[in-house]
Amino acid sequence: MIEAPEMWRLSVEAHQGSVDVVMYSPVEENSLIHERLPLDSALSPLAAFEELVYENPLLLSDFRKVDIIIDTPRYTFLPSDCATDEVCEQAVRTLWPQVTLSARAIPVPDTPDTLVMGIDPGMAAFISRTFLDAVPSHPMAVLAKYFRRISAQGNTGKIYARLAPGAVDVIAFRAAEARSGASPLRVACSYPAPTPDDAAYFILASARQAGFDLDVDEIMLCGDARIREQVAPKLRAFARFVMPVIFPSEIFKAGKAALEAPFELVILPLCE
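To start, this report covers the structure provided alongside it.

### What about the overall build of the protein chain?
The secondary structure content of the protein chain amounts to 10 helices and 12 strands. Computed over the C-alpha atoms, the radius of gyration of the protein chain is 19 Å, within 12% of the 19 Å expected from 2.2 N^0.38 for a compact globule of 272 residues. With the principal axes as the frame, the protein chain shows a C-alpha extent of 50 × 45 × 35 Å. For the protein chain, with 272 residues in total, the buried portion stands at 49%. Of all intrachain contacts in the protein chain linking residues separated by at least 6 positions in sequence, the fraction that spans at least 24 positions is 60%. Between the mean site of the 24 positive side-chain charges and the mean site of the 36 negative ones, the protein chain shows a separation of 7 Å.

Okay, structure coming up:
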């Protein structure tokens, strides 16, 4: 499928039960390829991921850059000033004492916040030896980096919601605090949302609890298009400004497949 992988970027996101793969060449328009590959449910998550990689040798090609995203609910945020290796490991052990995890710290640019996620040590070791320069990240870290950059535009607060089947991620930034020097990041949470009503509830509740004014501040939606169409009218009954996240022109140049791929994977090049 790819003649010169050294000119391409590979982005892989591991979920519970499936893996999203995005391959993209920044020098070729309409080049983006997206596939969702199922994991073998009869195997452990680590064994299933290893088997999937080895059964798809294209993933082992010498790509220009490789991104690995681990979509896990085991994450939290800490002040960057205290997010040392020791503190991050202690936080992960305290929050999830029933499993053995390695801590991975990911600072959010232009904020005093660091996302800390717990990942399986075996998964971390496999990624390290298989994708030599890849450093595991988390979808919420990618979204926070991207939305932090675009939230600085304008004078209103921004509440971003990534909608997916059965779940919603909410990230919100206060414009005034961004200018004052305090942390602009006010919300960064994932919620189970089996119905559009659940998704709308968690978005509105997060905004209200964090002190946003739904008559002034903006709610921006991305993710699954079908779910967006169901959730938006429910939000507009309570919030004045509800709109889709505007896709940057770089994404459109990548091709139609970019519109169906996970949002956090296609915006990765824009977070650097």
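### Details of the environment of Ser190
Examined against the element boundaries, Ser190 turns out to sit in strand 10 (residues 185–193). Counting along the chain gives 12 residues from Ser190 to Phe202, while the straight-line C-alpha distance between them is 9.2 Å. Those residues in contact with Ser190 that sit more than four places away from it in its chain are Tyr75, Met140, Val168 and Asp169. Within the local environment of Ser190, its side chain forms a polar contact with the side chain of Asp169, the two groups lying 2.6 Å apart.

### Side note on the pattern of salt bridges
Evaluation of the coordinates by the stated rule reveals six salt bridges. A salt bridge links Glu50 to Arg129, with the shortest nitrogen-to-oxygen separation between them at 3.6 Å. Of this pair, Glu50 sits in helix 1 (residues 45–55) while Arg129 sits in helix 3 (residues 121–130), and the two are 79 residues apart along the sequence. Two residues, Asp197 and Lys234, come together in a salt bridge whose shortest N-O distance is 3.0 Å. Highlighted residues: Asp197 in helix 6 (residues 196–209) and Lys234 in helix 7 (residues 225–236), separated in sequence by 37 residues. Judged by relative accessible area, which is 31%, Lys234 ranks as partly exposed. Through salt bridges that share partners, Arg162, Asp169 and Glu264 make up one connected network.

### Points about the layout of surface pockets
There is about 290 Å³ of room inside the second largest pocket. Lining the second largest pocket we find 20 residues, and of these Lys65, Asp67, Ser137, Lys145 and Leu268 sit closest to its centre. Taken together, the elements giving at least two residues each to the lining of the second largest pocket come down to strand 4 (65–70), strand 6 (102–107) and helix 4 (139–151). Top element by residues in the lining of the second largest pocket is strand 4. It accounts for five residues. In terms of residue class, the lining of the second largest pocket is built from 12 nonpolar, one polar and seven charged.

Conventions adopted
Residues numbered from 1 in each chain as written. Predicted model: local features only at pLDDT ≥ 70, side-chain atom pairs only at ≥ 80, totals over all residues. Heavy atoms only, no water. Helix = DSSP H or I, 4+ residues; strand = E, 2+ residues; numbered from the N terminus. Rg over C-alpha atoms; globule rule 2.2 N^0.38 Å. Buried < 20%, exposed > 50% of the residue type's maximum accessible area, 1.4 Å probe, protein only. Contact = heavy atoms within 4.5 Å. Lys, Arg positive; Asp, Glu negative; His and termini not counted. Charge placed at Lys NZ, Arg CZ, Asp CG, Glu CD. Polar contact = N/O pair within 3.5 Å; in protein donor to acceptor, adjacent residues only side chain to side chain. Salt bridge = Lys/Arg side-chain N within 4 Å of Asp/Glu carboxyl O. 1 Å grid on protein atoms, 1.4 Å probe; cavity = no way out; pocket = protein on both sides within 12 Å on 5 of 7 lines; lining within 4 Å. Points joined across faces, edges and corners; volume = space filled by probe spheres on them. Nonpolar A, V, L, I, M, F, W, Y, C, P; charged D, E, K, R; others polar.

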